[in-house]
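# An overview of the molecular structure
Take a look at the letters that make up each chain.
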Amino acid sequence: MNLVNHPWNIVFVAGFVVYMAIRQVYMARTKDTEKSVSRIDGIEKILLVVVFAGSLLVPVLYLLTQLFAFADYVQPAYAPWCGAAVMVPALWLFWRSHADLGLNWSMSLEMRREHELIRTGVYRRMRHPMYAAIFMFGVAQALLLPNWVAGLSALVSFAPMYIVRTPREERLMIEAFGEEYEAYMRETWRVFPKLG
Ligand code: SAH
């Protein structure tokens, strides 16, 4: 089992458990908040299934079975150290973006009944810190798991979701907040902090 063969996988599993726990906590907290708009169409559903497969199913199968053994490779010794170093800020940003969005968070393209535009905390300089955190987690995964399939699955599965969803989400936010969101767009970048 890969979990015991590669000791670094324990570090990945620890990060993965924290990542999932953050999601679960905020899913439970926002469960009863009423939604006023929902844009979950066929494409969004397919993208959600792809992300689920790439970020949950594939790593779990890799850790517990030999299914992806054909794609194992030998990493340079520094790679998992870099992975662990990226994992820490990824988890911090993932947690802070959920905390700052509060009851406005939802897993998909939805607006809450009393939706507020958040422009503070980690949303001050970038519009999509949660997506930035998901990309960073994907980089950590790639550096921690010495397997081409399981290492890259989170990054590869999230990329189409990011490309398709981000402009749709921004259109939804402009519909809801108009000029205020447009001003916010001028002050921020998507996944990199706009300094100055
Ligand atoms: N794209 C953001 C949020 C992801 S959660 C990020 O990466 O951090 C997705 C939901 O958050 C969307 O459906 C939208 O309703 C909501 N949302 C996105 N940006 C927001 C903001 N600045 N303030 C309040 N809600 C926001």
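### Re the overall build of the protein
Helices and strands together make up the secondary structure of the protein, namely seven helices and two strands. By the compact-globule yardstick of 16 Å for 196 residues, the protein fits well, its C-alpha radius of gyration being 18 Å. Considered along the principal axes of its C-alpha atoms, the protein spans approximately 55 × 40 × 25 Å. Out of the 196 residues in the protein, the part that is buried amounts to 43%. The long-range share in the protein, meaning contacts at least 24 apart out of those at least 6 apart in sequence, stands at 82%. Looking at the protein as shown, the accessible area adds up to about 10,300 Å², and 68% of this sits on carbon and sulfur atoms. For the protein, the distance from the average site of its 19 positive side-chain charges to the average site of its 16 negative ones is 2 Å.

### Section: the site of the ligand
Neighbouring the ligand are 21 residues, the closest being Glu-110, His-115, Tyr-123, His-128 and Glu-169. For the ligand, an oxygen atom lies 2.9 Å from a polar atom in the backbone of Ser-108. Here the ligand, which alone exposes 540 Å², has 99% of that area covered by the protein. Among the secondary structure elements, those contributing two or more residues to the shell around the ligand are β2 (110-112), α5 (129-144) and α6 (148-177). When residues of the shell around the ligand are assigned to their parent elements, the largest contribution, three residues, is made by α5. Here the shell around the ligand is composed, by residue class, of twelve nonpolar, five polar and four charged.

### Notes on the packing of aromatic side chains
Aromatic ring pairs are reported here in terms of the distance separating the ring centres and the angle at which the planes meet. Per the stated rule, a full pass over the model turns up 13 aromatic pairs. Considering the side-chain rings of Tyr-19 and Phe-94, the 4.3 Å spacing of their centres and the 20° angle between planes classify their relative orientation as stacked. Remark: Phe-94 occurs in helix α4 (residues 78-101) and Tyr-19 occurs in helix α2 (residues 8-30); sequence separation between them is 75 residues. A relative accessible area of 8% means that Tyr-19 is categorised as buried. By relative accessible area, Phe-94 is classed as buried at 0%. In this structure an aromatic cluster arises from ring pairing among Phe-12, Phe-16, Tyr-19, Phe-94 and Phe-137. In this structure, Arg-29 is placed above the aromatic ring of Tyr-26, and the distance from its NZ or CZ to the ring centre is 4.9 Å. We note Arg-96 situated over the ring of Trp-95; from NZ or CZ to the ring centre the distance is 4.8 Å.

### Observations regarding helix α3 (residues 42-64)
When the terminal C-alpha atoms of α3 are compared, their 31 Å separation across 23 residues agrees well with the 33 Å that a helix rising 1.5 Å per residue should span. Of all the bends in α3, the largest measures some 35° and sits at Ala-53. Looking only at α3, the buried set comprises Glu-44, Leu-47, Val-51, Gly-54, Ser-55, Val-58, Pro-59, Tyr-62 and Leu-63.

### Side note on the pattern of salt bridges
Charged atoms that come close allow side chains of opposite charge to pair. Considering all chains together, one arrives at twelve salt bridges under this definition. Between Lys-31 and Asp-32 there is a salt bridge, and its shortest N-O distance comes to 3.8 Å. You'll find Lys-31 and Asp-32 in the same group, each marked exposed. Notably, a salt bridge pairs Asp-100 with Arg-96, separated by 2.9 Å at the nearest N-O pair. Taken together, the residues Asp-100 and Arg-96, both in helix α4 and four residues apart, mark about one turn of the helix. Through salt bridges that share partners, Arg-119, Glu-180 and Glu-187 make up one connected network.

### Points about the environment of Leu-103
Among the structural elements, Leu-103 can be located in the loop between α4 and β2. Sequence separation of Leu-103 and Tyr-26 is 77 residues, and the distance between their C-alpha atoms is 8.3 Å. Residue contacts for Leu-103: discarding those within four places in its chain leaves Arg-29, Thr-30, Thr-33 and Arg-112.

Definitions and cut-offs
- Residues numbered from 1 in each chain as written.
- Predicted model: local features only at pLDDT ≥ 70, side-chain atom pairs only at ≥ 80, totals over all residues.
- Heavy atoms only, no water.
- Helix = DSSP H or I, 4+ residues; strand = E, 2+ residues; numbered from the N terminus.
- Rg over C-alpha atoms; globule rule 2.2 N^0.38 Å.
- Buried < 20%, exposed > 50% of the residue type's maximum accessible area, 1.4 Å probe, protein only.
- Contact = heavy atoms within 4.5 Å.
- Areas by Shrake-Rupley, 256 points an atom, 1.4 Å probe, with all protein chains shown as cover.
- Lys, Arg positive; Asp, Glu negative; His and termini not counted.
- Charge placed at Lys NZ, Arg CZ, Asp CG, Glu CD.
- Near = heavy atom within 4 Å.
- Polar contact = N/O pair within 3.5 Å; in protein donor to acceptor, adjacent residues only side chain to side chain.
- Nonpolar A, V, L, I, M, F, W, Y, C, P; charged D, E, K, R; others polar.
- Phe/Tyr/Trp six-rings, centres within 6.5 Å; stacked < 30°, edge-to-face > 60°.
- Lys NZ or Arg CZ within 6 Å of the ring centre and 35° of its normal.
- Expected span 1.5 Å × (residues − 1).
- Bend = angle between axes of the 7 residues up to and from the residue.
- Salt bridge = Lys/Arg side-chain N within 4 Å of Asp/Glu carboxyl O.

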